[in-house]
Amino acid sequence: MTVLLFASHADRDDWWRETLLAEMPDLDFRTWPETGDVAEVEYALVWKPETGLLAGLPNLRAIFSLGAGVDHIFADTQLPEGVPICRVVNPNMALRMREWVVMHVLMHHRRHREYDRLQKAHEWRELPQPHAGERRVGVMGLGELGGDAAKHLGLLGFDVAGWSRTPKAIDGVTGFHGGVGLKDFLARTEILVCLLPLTPATEGIVDAALLSGLPRGATFINAGRGGHVVEEDLLAALDSGQIGEATLDVFRTEPLPAGSPFWDHPRVTVTPHIAAFSDPRALVDQVIGNIRRDRAGEPLLNTVDPKRGY
Ligand code: NDP
Ligand code: OXD
């Protein structure tokens, strides 16, 4: 018998139970807060677990994140030490993120928001625009998602650069890294895409100082986390014209509160944290695969480094 605790705050518990059981019939699937005997729980599949929940499971062998990001797990200040944390990594998620990033880069590049306004005004007018090779796009975070998006923007002909913690070599992408590389990366970036993980080192990284390092009128696209952005600094930069347009998928408070100025800002596009999502079928395979690996004494796949926080 394998005992897994599911704690997700979502409403798809039955789907998860049925699908996981179909793959692993001896699974004892428990849904938080109906934990049963906590000493029996070996695996936890979670999204934004309550603080202390995981520390209260004395025989936990692995924690599985329902997302690619694990900041929602590291937010638990009482996390048990030494229990491996695995995150979502799969080509389907990278594909969905690639679509979203490419779509919004193209919308800004091809001045779609302005054409929307012209249509509403019944105005037939052509707006000048550079071709893709003259448009400098920069992607912060060159991991599974950012690296893939940067590569595909390059294949579309954009002049693409990327910024990461350590040096990265991606075909068609000019690499910058670390604190020393950030200034030059920003200075050449007309459309900035954030696909960083949220860690102590990246919390609030998109602030007035960073935004002022971009060329005037630059576009900002965020699919990382809301915690990357100092929201008042972004609003000030939009109002001053330092940032021309923004597309935001993630926010400090989600759902975005009804009174947030981002909703009605004329140069902001809001999407409700849908840039990419974890396809549950792919995630099921990953969770079951990792449980089987653990049972066989093999190392787990897609673990994160608690020291780095991603
Ligand atoms: P990865 O862990 O694969 O990649 C992270 C990248 O960020 C790496 O290139 C890493 O550098 C870089 N990085 C981390 N810290 C720093 C730092 N301090 N300075 C510079 N670069 C840094 O993550 P993924 O690509 O899988 O996912 C990225 C994030 O996307 C997730 O953490 C999540 O927040 C967000 N996300 C959003 C979704 C949405 O729907 N909006 C869906 C899924 C994920 P290095 O290569 O040197 O390690
Ligand atoms: C994720 C997310 O991290 O949905 O997977 O944001």
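Whatever comes next refers back to the structure up there.
Within any chain, residue numbers begin from 1 and follow the written order of that chain's sequence. All chains are assigned letters beginning at A, and all ligands numbers beginning at 1, according to the order in which they are written. At least 70 in pLDDT is required for a residue's local features to be given in this predicted model, at least 80 for side-chain atom pairs to be given and counted, and no such filter applies to totals for whole chains, interfaces and linings, which use all residues. As a rule here, side-chain values cover all heavy atoms of the structure and leave hydrogens and water aside.

Visitor: Got a minute to help me understand the layout of surface pockets in this structure?
Guide: Vacant regions in the atomic arrangement are exposed by a probe of water-molecule size rolled over the atoms. Space inside the second largest pocket adds up to approximately 240 Å³. A 1.4 Å probe that fits into a set of points on a 1 Å grid over the protein atoms alone but cannot get out defines a cavity; an open set with protein on both sides within 12 Å along at least five of seven lines defines a pocket, and lining residues are those with an atom within 4 Å of a point. Residue lining of the second largest pocket: 16 residues in total, with His108, Arg135, Gly217, Thr219 and Glu245 positioned closest to the centre. Put simply, DSSP H or I for four residues or longer makes a helix, DSSP E for two residues or longer makes a strand, and each gets a number counted from the N terminus. Among the secondary structure elements, those contributing two or more residues to the lining of the second largest pocket are α3 (91-109), α4 (112-120), β10 (218-222) and β11 (243-248). Classes in brief: Ala, Val, Leu, Ile, Met, Phe, Trp, Tyr, Cys and Pro nonpolar; Asp, Glu, Lys and Arg charged; the others, Gly included, polar. In the lining of the second largest pocket, the residues fall into three nonpolar, five polar and eight charged. Grid points are joined across faces, edges and corners, and a volume is the space filled by probe spheres set on the points.

Visitor: I would appreciate a short explanation of the site of ligand 2 in the present structure.
Guide: A molecule or strand has a residue near it when one of that residue's heavy atoms lies within 4 Å. As a structural note, the neighbourhood of ligand 2 is formed by Gly67, Ala68, Gly69, Met93, Arg225, His273 and Ser278. Nitrogen and oxygen atoms within 3.5 Å of one another constitute a polar contact, given that in protein one can donate a hydrogen and the other can accept it, and given that sequence-neighbouring residues count only through two side-chain atoms. Within the side chain of Arg225, an N or O atom sits 2.7 Å from an oxygen atom of ligand 2. Residue His273 places a side-chain N or O atom 2.6 Å away from an oxygen atom belonging to ligand 2. Out of a free accessible area of 210 Å², ligand 2 has 86% covered by protein chains. Considered class by class, the residues forming the shell around ligand 2 number two nonpolar, four polar and one charged. The protein chains shown are the only cover counted for residues, whose accessible areas, like all others here, come from Shrake-Rupley with a 1.4 Å probe.

Visitor: How should the site of ligand 1 be read in this particular structure?
Guide: Around ligand 1 sit 30 residues, and of these Arg87, Thr166, Lys168, Ala276 and Tyr310 come closest. A distance of 2.9 Å separates an oxygen atom of ligand 1 from a polar backbone atom of Leu142. In the environment of ligand 1, an oxygen atom lies 3.1 Å from a nitrogen or oxygen atom belonging to the backbone of Gly143. Within the complex, 93% of the 940 Å² of free accessible area of ligand 1 lies under protein. Counting residues per element, the ones that place at least two in the shell around ligand 1 are α3, α5 (144-155) and β7 (159-164). Per-element accounting of the shell around ligand 1 gives the leading share, three residues, to α5. Tallied by class, the residues present in the shell around ligand 1 amount to 15 nonpolar, nine polar and six charged.

Visitor: Looking at this structure, I do not really get empty space enclosed by the protein. What am I missing?
Guide: Per the stated rule, a full pass over the model turns up two cavities of 30 Å³ or more. What lines the largest cavity is simply Asn222, Gly226, Val229, Glu231, Leu234, Leu248, Val250, Phe251 and Phe262. Classifying every residue of the lining of the largest cavity by side-chain character gives six nonpolar, two polar and one charged. Its volume calculated, the second largest cavity comes out at about 30 Å³. As for the second largest cavity, its lining consists of Phe64, Ser65, Cys86, Arg87, Val88, Leu283, Gln286, Val287 and Asn290. Taken together, the elements giving at least two residues each to the lining of the second largest cavity come down to β4 (62-65) and α10 (280-295). No other element matches α10, which puts four residues into the lining of the second largest cavity. Partitioning the lining of the second largest cavity into residue classes produces five nonpolar, three polar and one charged.

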